[in-house]
Amino acid sequence: MAKIAINIATGSLQQEEMIVGIDLGTTNSLISIIHPESKRPIVLKEYDGAALVPSIVHFGQAGNITVGDDAKKYLIAEPENTIFSVKRLMGKSYNDVQQQTNFFTYKIIDDNSESLVKIQVGEKFYSPVELSSFILKELKIRAEHILKTTVTKVVITVPAYFNDAQRQATRDAGKLAGLDVLRIVNEPTAASLAYGLGLNKDETKTIAVYDLGGGTFDISILRITSGIFEVLSTNGNTYLGGDDFDASIASFIMEKIGVSNDALNQNKSLAQEIRLKAEEAKIELSYNNEFEGVVDGKVLLITKNEFEQLATPLIAETIQCCKNALTDANLTIADIDEVIMVGGSTRVPLVKKTVSEFFNKTVHDTLNPDEVVAMGAAVQADILAGNNKDFLLLDITPLSLGIETMGGLMDVLIPRNSKVPSKAARQYTTQKDGQGSMRISVFQGERDLIKDNRKLAEFNLTGIPGMPAGLPKVEVSFLVNADGILVVNAKELRSGVEQSVEVRPQYGLTDEEVEKMLLDSITHAKSDIQTRALVEAQTEATQIIDTTNLFIQKNNDLLTDNELADTNDAINTLQKLIVNGNKDNIQAAIEKLNEISRPYAERLMDSAISKAMKGKNILE
Ligand code: ADP
Ligand code: MG
């Protein structure tokens with residue numbers, strides 16, 4: 001079923017926007033969506049087939065900013081204007097990174113070591129958040145180009161070890177790029193979701209996610225219980241990845257073709273050539289036993305065996321991290337149920353073999369390792385969009401929850417698609433003087449009138465002390481806990497009397513019924529908006545008639561006969577319109593009644609005030 005939304009302004013139907021998943025990587029970034037027909041995550045690709053967008057930003061002389069492959073070309077030639085690995089700087093102060101500034105070829109500012117780092121390019125300063133937002137903006141543009149629709153709602157992944165500041169920085173980058181970041185998801189969690197792990201609510205599993213990317217290595221141990229992911233431990237090395245494989249091969253190439261470090265420092269284009277050739281060789285050797293190429297006019301041959309010797313110490317280091325992670329989680333290899341391979345560098349056969357041998361298990365490697373995190377983000381996005389029925393009940397509220405207010409209207413406290421657990425509260429008051437109890441009726445659904453929604457519960461809050469209408473403050477709060485149970489509490493704040501009920505909103509409701517309720521709300525959207533306006537006008541009319549009647553009862557002898565007659569006429573007209581009028585003529589009649597009563601109401605008010613003043617004088 002295609003998803004449809006209602007434009008509230010026009011009441012017309014429109015195609016609902018897609019929520020996309022974004023892997024904002026240190027080396028590469030990419031976007032994924034759930035394919036509307038296959039329901040499987042797919043990575044968005046440009047016409048040239050490229051899915052990965054290198055996470056690189058280049059600042060041109062003319063002030064132009066390029067992102068991705070076009071920026072990557074300048075890495076060696078214009079290091080000071082070409083920003084890479086900005087993810088390493090997210091949410092960091094200069095103190096945090098001063099040990100590593102050698103790694104960055106661009107200028108990191110240290111004017112105030114406690115505050116967040118800034119990057120200087122030419123005369124300008126940029127925060128990591130701004131730089132990341134350039135990458136996200138580029139991804140947004142690409143997605144919109146490919147999907148032919150606007151993209152604003154996203155899920156972005158971050159490493160499991162990211163702290164709150166780093167997560168917030170990622171959110172801010174999204175906001176700056178014009179995106180609405182619905183959720184930040186841990187990369188290993190996303191990878192698990194991409195493989196369908198965690199989607200079955202009944203299973204408990206312990207998962208090791210081995211992520212060897214371009215510049216970083218992360219091992220995360222997760223436990224999934226009832227679809228909830230818990231990070232048991234993380235370990236890794238933030239300066240170990242495919243780049244180090246490239247660097248070893250580059251040294252090897254230099255040795256083979258006889259180029260010294262000094263010569264390389266003098267010749268930036270040769271340095272660029274060797275670096276690119278090294279990566280090319282590495283990738284080729286994931287599929288073939290030999291690599292043959294030409295560097296600096298010389299023929300070069302590298303065998304798989306040679307590369308594996310270079311890679312072995314680096315891979316050994318990742319295994320040591322895996323051991324540490326297991327120890328920290330208080331687990332042994334036997335406790336691990338699944339191992340997932342993530343990151344472009346796990347394409348290296350020796351990496352796969354070593355990891356599989358260490359965990360003594362066949363590893364999950366059927367999905368592209370550099371796409372799997374983005375794919376999982378798309379799965380999460382789909383869950384948030386309410387499309388993934390298996391997950392529907394666990395993660396979000398599929399239908400809005402609210403209570404009945406005057407005129408049988410639905411007053412929503414927790415809108416549909418709210419994250420679970422979720423909390424909301426609102427204050428209400430009494431309609432009648434001395435009203436001692438208040439009925440709280442809880443409903444579920446998207447329609448404006450409660451009669452069209454599903455009733456979940458009803459109770460009376462009793463023991464409200466006698467007070468004039470409008471004075472009691474009854475706070476109704478809704479809490480949907482992680483198990484999907486709704487706790488409704490009503491409390492009169494002046495007296496403290498309170499009462500609550502528990503309900504299971506999804507109890508006995510099938511997915512088809514949820515779907516039908518949503519569809520109904522779409523079909524009836526326009527008429528619902530009109531009905532709500534009418535009911536609101538009727539309610540207001542009833543209230544004004546009640547207060548006017550009360551007023552003339554009390555002050556009968558102070559009104560002229562004309563005033564009384566006019567008022568009664570206006571009340572009668574309004575009363576008839578409540579039954580068979582429309583929103584507009586009811587409102588006009590309310591206004592008419594107001595006009596009639598205003599002069600005498602003011603007159604009486606003035607006299608009441610002057611009486612009070614006189615009283616005061618006597619007392620003096
Ligand atoms: P990150 O998560 O750090 O952004 P990726 O997961 O995209 O990075 O991994 C990028 C790294 O993967 C690069 O070092 C790249 O050279 C490497 N890589 C990509 N494909 C292969 C391959 N077939 N064999 C070996 N390494 C590869
Ligand atoms: Mg990654």
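For the structure, check the block above.
Here the structure is a predicted model, which is why all the values come from computation and not from measurement. (Residues numbered from 1 in each chain as written. Chains lettered and ligands numbered in written order. Predicted model: local features only at pLDDT ≥ 70, side-chain atom pairs only at ≥ 80, totals over all residues. Heavy atoms only, no water.)

Student: Sorry if this is basic, but what is going on with the side chain of Ser192 here?
Tutor: Considering the arrangement of structural elements, one finds Ser192 in helix 5 (residues 187-194). With a relative accessible area of 0%, Ser192 lands in the buried category. Among all residues touching Ser192, those that are not within four sequence positions of it are Leu197, Ile207, Val209, Leu222, Phe229 and Ile340. (Helix = DSSP H or I, 4+ residues; strand = E, 2+ residues; numbered from the N terminus. Buried < 20%, exposed > 50% of the residue type's maximum accessible area, 1.4 Å probe, protein only. Contact = heavy atoms within 4.5 Å.)

Student: What should I look at first to understand the nonpolar core in this one?
Tutor: Soluble globular proteins tend to bury their nonpolar side chains together. Core analysis: the largest hydrophobic core is formed by 94 residues, its most contacted members being Ile22 and Phe359. Considering every element that reaches this core, the biggest residue donor is helix 9 (residues 304-328), with nine residues. Of the residues that make up this core, three or more belong to each of domain 1 (19-195 + 369-384) and domain 2 (199-366). Among residues more than four places away in sequence, those in contact with Phe359 are Ala208, Ile219, Cys322, Leu326, Ile333, Ile336 and Val339. Formed by 26 residues, the second largest nonpolar core is a distinct cluster that contains Val342, Leu367, Val372 and Ala381. (Core = buried A, V, L, I, M, F, W, Y, C linked by side-chain atoms within 4.5 Å. Domains from an automatic or database assignment.)

Student: What am I meant to see in the sheet that holds strand 28 (residues 498-503) here?
Tutor: Two orientations exist for strands paired in a sheet by backbone hydrogen bonds: parallel and antiparallel. With respect to topology, four strands assemble into an open sheet ordered 23-26-27-28, the strand pairing being antiparallel. Each end of this open sheet is capped by a strand with a single partner; those strands are strand 23 (422-428) and strand 28. Averaged over all neighbouring strand pairs, the angle between strand axes comes to 15°, with direction disregarded. Here seven bridges tie strand 26 (residues 474-480) to strand 27 (residues 486-492), and the two strands are oriented antiparallel to one another. In the sheet register, Val476 faces strand 27, and the bridge partner there is Ala490. (Pairing = 2+ DSSP bridges. Axes fitted to C-alpha atoms, helices over the stretch in contact; angles between N-to-C directions.)

Student: Sorry if this is basic, but what is going on with the sheet that holds strand 21 (residues 401-405) here?
Tutor: Pairing within the open sheet is antiparallel, and its four strands lie in the order 22-21-24-25. The open sheet has two edge strands with one neighbour each: strand 22 (409-414) and strand 25 (454-461). Taken over all neighbouring pairs, the strand axes of this sheet differ in orientation by 30° on average, direction set aside. As paired strands, strand 21 and strand 24 (residues 438-444) are joined by three bridges and run antiparallel to one another. Within strand 24, the residue paired with Gly402 across the bridge is Phe443.

Student: When you look at the environment of Gly178 in this model, what are you seeing that I'm missing?
Tutor: Looking at the secondary structure, you find Gly178 in the loop between helix 4 (164-176) and strand 14 (180-186). Taking relative accessible area as the criterion, Gly178 reaches 41% and is therefore assigned partly exposed. Placed 25 residues apart in sequence, Gly178 and Lys153 show a C-alpha to C-alpha distance of 9.3 Å. For Gly178, the residues in contact, after removing those within four places along its chain, are Lys140 and Thr152.

Student: Even after reading the chapter, I still don't get the pairing of strand 18 (residues 290-295), so can you show me in this structure?
Tutor: Remember that side chains alternate between the two faces of the sheet whenever the strand is regular. By the alternation rule, side chains of strand 18 split into Phe291, Gly293 and Val295, which are all buried, and Glu290, Glu292 and Val294, of which none is buried. Strand direction decides the pairing type here: strand 18 and strand 19 (residues 298-303), joined by six bridges, are antiparallel. Along strand 19, the bridge assignment pairs Val295 with Lys298. Counted between consecutive antiparallel strands, the loop separating strand 18 from strand 19 contains two residues, among which Asp296 sits at a positive phi close to 55°.

Student: Would you explain the pattern of salt bridges in this entry?
Tutor: Per the counting criterion, the structure on display carries 27 salt bridges. Between Lys73 and Asp70 there is a salt bridge, with the nearest N and O atoms lying 3.2 Å from each other. Overall, Lys73 belongs to the exposed group, its relative accessible area being 54%. A salt bridge links Lys72 to Glu279; the nearest nitrogen and oxygen atoms lie 4.0 Å apart. In this pair, Lys72 is assigned in helix 1 (residues 69-72) and Glu279 in helix 8 (residues 268-284), connecting sequence segments 207 residues apart. Taking the relative accessible area as the measure of exposure, Lys72 reaches 25% and is therefore partly exposed. Because the salt bridges share partners, they merge into one network encompassing Glu404, Arg439, Lys455 and Glu458. (Salt bridge = Lys/Arg side-chain N within 4 Å of Asp/Glu carboxyl O.)

Student: I tried to follow helix 10 (residues 349-359) on my own but got confused; where do I start?
Tutor: Because each turn of an α-helix spans 3.6 residues, side chains separated by three or four positions end up pointing in the same direction. Within helix 10, the full set of buried residues consists of Leu350, Val351, Val355, Phe358 and Phe359. The buried residues of helix 10 occupy an angular sector of 150° when the element is viewed end-on, so they sit on one face. Packed against the buried residues of helix 10 are strand 15 (205-212), strand 16 (217-225), helix 6 (242-257), helix 9 and strand 20 (338-342). Immediately beyond the C-terminal end of helix 10, within one or two residues, lies Asn360, with a positive phi of roughly 60°. (Arc of directions from axis to C-beta.)

Student: Explain helix 9 here, please?
Tutor: For helix 9, built from 25 residues, the straight-helix expectation of 36 Å at 1.5 Å per residue is met to within 8% by its first-to-last C-alpha distance of 35 Å. Directly beyond the C-terminal end of helix 9, a positive phi value near 65° is found at Asn330. (Expected span 1.5 Å × (residues − 1).)

Student: Any chance you could explain the site of ligand 1 here in plain terms?
Tutor: Residues in contact with ligand 1 amount to 18 residues; listed here are only the nearest, Thr27, Asn28, Glu279, Lys282 and Ser286. Between ligand 1 and Arg347, the relevant distance is 3.4 Å, taken from a nitrogen atom to a side-chain nitrogen or oxygen of the residue. Burial of ligand 1 by the protein amounts to 92% of the accessible area it has alone, namely 590 Å². With three residues, the single largest contributor to the shell around ligand 1 is helix 8. In this structure, the shell around ligand 1 is formed jointly by two domains, domain 1 (19-195 + 369-384) and domain 2 (199-366), each of which donates at least three residues. (Near = heavy atom within 4 Å. Polar contact = N/O pair within 3.5 Å; in protein donor to acceptor, adjacent residues only side chain to side chain. Areas by Shrake-Rupley, 256 points an atom, 1.4 Å probe, with all protein chains shown as cover.)

Student: Before we go on, may I ask you to explain the packing of aromatic side chains in this structure?
Tutor: The geometry of an aromatic ring pair is captured by the separation of the ring centres together with the interplanar angle, meaning the angle of the planes. Tallied over the entire structure, the rule returns 13 aromatic pairs. Relative to Phe134, the ring of Phe59 lies with its centre 6.1 Å away and its plane at 75°, an arrangement referred to as edge-to-face. Separated by 75 residues along the polypeptide, Phe59 in strand 7 (residues 57-59) and Phe134 in helix 3 (residues 128-147) bring together distant segments of the chain. Assigned by exposure class, Phe59 and Phe134 land together as buried. (Phe/Tyr/Trp six-rings, centres within 6.5 Å; stacked < 30°, edge-to-face > 60°.)

Student: Help me understand the environment of Leu301, please; the structure alone is not making it clear to me.
Tutor: Within the secondary structure, Leu301 is located in strand 19. When the C-alpha positions of Leu301 and Glu130 are compared, they lie 43 Å apart, and in sequence the two are 171 residues distant. Dropping the residues within four chain positions of it, Leu301 is found in contact with Lys256, Glu290, Phe291, Glu292 and Glu306.

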